[in-house]
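Structural characterization, general
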Amino acid sequence: MNLKELYQEIILEHGKNPRNLRKTEGFNKDAKGNNPLCGDNVHVYLKLNGQKIVEDASFEGSGCAISMASASIMTDLIKGKNEHEAKEIVEDFLGMIKENPELKSEHLSKDEKTKLMCLSGVKQYPMRVKCATLSWHTMVSAFDEKTEEVKTEN
Amino acid sequence: MNIDQIKKEFPIFDEKIQNNDLVYLDSANSSQKPKVVVDRINEFYTKQFSNVGRSVHYLAVAATNLYENTRTSVQKYINAKDKNEIVFTKGATEALNLVANTLGQSYLKEGDEVLITELEHHSNYVPWHFLRKSKNIKINFAEINEEGEITLEEIEKKITPKTRLISITHLSNVTGAILPVKEITQLAHSKGIIVVVDGCQGAPHLKLDMQELDCDFYAISCHKMYGPTGLGILYGKKKWLEELPPYQGGGGMINEVKKDRISYGELPNKYEAGTMATAQVIAFDQSIKFLESIGIENVMKHEADLVEYGQELLQRNNSVKLIGNPKNKGGVLSFTIEGVHPHDIATILDEDGVAIRAGHHCCQILHDKLNIPASARASVGIYNTKEDLDQLNQSINNCKKIFNL
């Protein structure tokens, strides 16, 4: 176990200054997520254009450095992707956080993969995995227009 | 009192936790277990096991006697008037649910008001919420002051002519405030109001005297009292336990069962349906003996010293903000660090073998009031030392370093 691996500079930076921590104006999809164990919550907003491409993504909420950094990186890289691509990325990310050694999706650039791999350190902290995954599950829920709140399960 | 000697009685401190010595500061969540308690469970299962209160064979009679011995020990320890005022439950949560459920069945009526406080653990709120849903009772909240205390005056202010019950914590698991339970009870009784006390944090750390406190019900969590998990105790005044209906139906709690009628058993069997946590009850006798061997006054003195020391230490540490500053405070130090989420604090402290809790500690109402989503909490037990708190402080500094504070 290595704390340095978990709290890399990029995570601390995103955690401190999260990108897209706001409410997208004119959003057309959104969902709420909640981690009942610790009370963390997130609200993800998406604005899709006519071609179903994510024009803007944002989030509101509070949480630990891991969860804020994860939501920050997610909302950044999901812009410009369509729903199908976005969901494939989510699957890839969740697979990586749980067991896969690397990211496979062809919809992610090398730089995006590097950023996401910074979160791979949580693998060694099973209690913290849900911190990293809450916003991702919530984004899927927003795409699927589910009304009930997402509850994290590892 | 020699803390090093006491600490040696807890086998877990011989273990290395991720190559570190364990600095256990999570006793408000659950305490560690002395060897006598662990051994007693083993001995009972190995040499003496039988179910209790049913069969007449030798082992059954012996086990029943052991089980009832614990009841007597608890009665003496908390100075209850009658042995039958001690009911074993699966935990303090079940004890509080038992009270709310049975009072809801036969005592509280639509429109009645229950007064609780903003300090309450979810287990002393949700059971009353059930009655709000099913019986349309109203729940009022006594509010904390700036120090994180609930004063007698605040309780008095919140009592209305419709208040029929007050349910309060003895010691807050977040701010550490010790409530003036005796005075609140006097006031409540003068107005014909019942008092229920959530004693989860009170029982392990304070001197208990039910006849002096005079509350109507008192719920205890045994695993926070150096005892086994899966066991709680409900103290209830005999007149209430006799008057209220049973909580669960099943074997052991009945007197006579016919196709057209059932009569229930006498106390305490009436509230102990099914096979109980037998080994845990029998082992809990050792927890009581362990506490008695140290003396609760010594426990209180030691823990008060620790809290004072820890409080000063953390107050001097920049960017650490302590939650609550009650005059009468138990062994709980809840805090936040500006710029670091409590979960991150807990993970970083864990790396040094420092076990604390992070989150809302089952007190969302309180955290909402304080306008914080979560807090970090270090809580002490009889085995903690000032060195543990020094290590806590040092690990907090490490945490600040990682976050460039």
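Here the structure is a predicted model, which is why all the values come from computation and not from measurement.

Glancing now at the interface of chain A and chain B. If you look at the interface, chain A gives 20 residues, while chain B gives 15 residues. Summing the contributions of chain A and of chain B, the shared interface buries around 1400 Å²; its carbon and sulfur component is 56%. Summed over the shared surface of chain A and chain B, the number is one salt bridge. Among the ionic pairs, D344 of chain B bridges to R128 of chain A, the shortest N-O distance being 2.9 Å. At the junction of chain A with chain B, the criterion picks out six residue pairs in polar contact (both at pLDDT 80 or more). Sorting the residues of the side of chain A that touches chain B by element identifies helix 1 (3–6), helix 2 (9–16) and helix 3 (65–77) of chain A as the ones contributing at least two each.

Below, the discussion takes up the domain arrangement of chain B. All names here are of chain B. The domain architecture assigned to chain B consists of domain 1 (3–30 + 295–402) and domain 2 (38–292). Placing a centre on the C-alpha atoms of domain 1 and another on those of domain 2 gives a separation of 28 Å. At the interface, 37 residues of domain 1 touch 32 residues of domain 2. Where domain 1 packs against domain 2, one counts three salt bridges. As a salt-bridge pair, E143 and K369 come within 3.0 Å of each other at their nearest N and O atoms. Of all the elements in the fold, those that place two or more residues in the side of domain 1 that touches domain 2 are helix 12 (296–316), strand 14 (332–337) and helix 14 (364–370). A per-element tally of the side of domain 1 that touches domain 2 places helix 14 first, with six residues.

Residue and element names in this part refer to chain B. Here helix 2 (residues 35–48) crosses helix 3 (residues 58–77) at 160°, and the two axes come no closer than 11 Å. The orientation of helix 2 relative to helix 3 falls into the category roughly antiparallel. For helix 2 against helix 3, the interelement crossing comes out right-handed. Residues R40, F44, K47 and Q48 of helix 2 touch helix 3, and the partners they reach there are L59, A63 and L66. Among the residues forming the contact of helix 2 with helix 3, the class breakdown is four nonpolar, one polar and two charged.

All names here are of chain B. Here seven strands make up an open sheet; going across it, the order is 4-10-9-8-7-5-6 and the pairing mixed. Taken across any chain shown, the strands that pair with only one partner, and hence form the sheet edges, are strand 4 (86–89) and strand 6 (138–142). The average angle at which neighbouring strand axes cross in this sheet is 20°, direction not considered. The sheet contact formed by strand 4 and strand 10 (residues 232–236) spans four bridges and is antiparallel. Looking at the pairing, F88 lines up with I233 of strand 10.

What counts as what
- Residues numbered from 1 in each chain as written.
- Chains lettered and ligands numbered in written order.
- Predicted model: local features only at pLDDT ≥ 70, side-chain atom pairs only at ≥ 80, totals over all residues.
- Heavy atoms only, no water.
- Contact = heavy atoms within 4.5 Å.
- Buried area = accessible area lost by both parts, 1.4 Å probe.
- Salt bridge = Lys/Arg side-chain N within 4 Å of Asp/Glu carboxyl O.
- Polar contact = N/O pair within 3.5 Å; in protein donor to acceptor, adjacent residues only side chain to side chain.
- Helix = DSSP H or I, 4+ residues; strand = E, 2+ residues; numbered from the N terminus.
- Domains from an automatic or database assignment.
- Axes fitted to C-alpha atoms, helices over the stretch in contact; angles between N-to-C directions.
- Parallel < 35°, antiparallel > 145°, perpendicular 65-115°, else oblique.
- Left-handed = near helix turned anticlockwise from the far one by under 90°.
- Nonpolar A, V, L, I, M, F, W, Y, C, P; charged D, E, K, R; others polar.
- Pairing = 2+ DSSP bridges.

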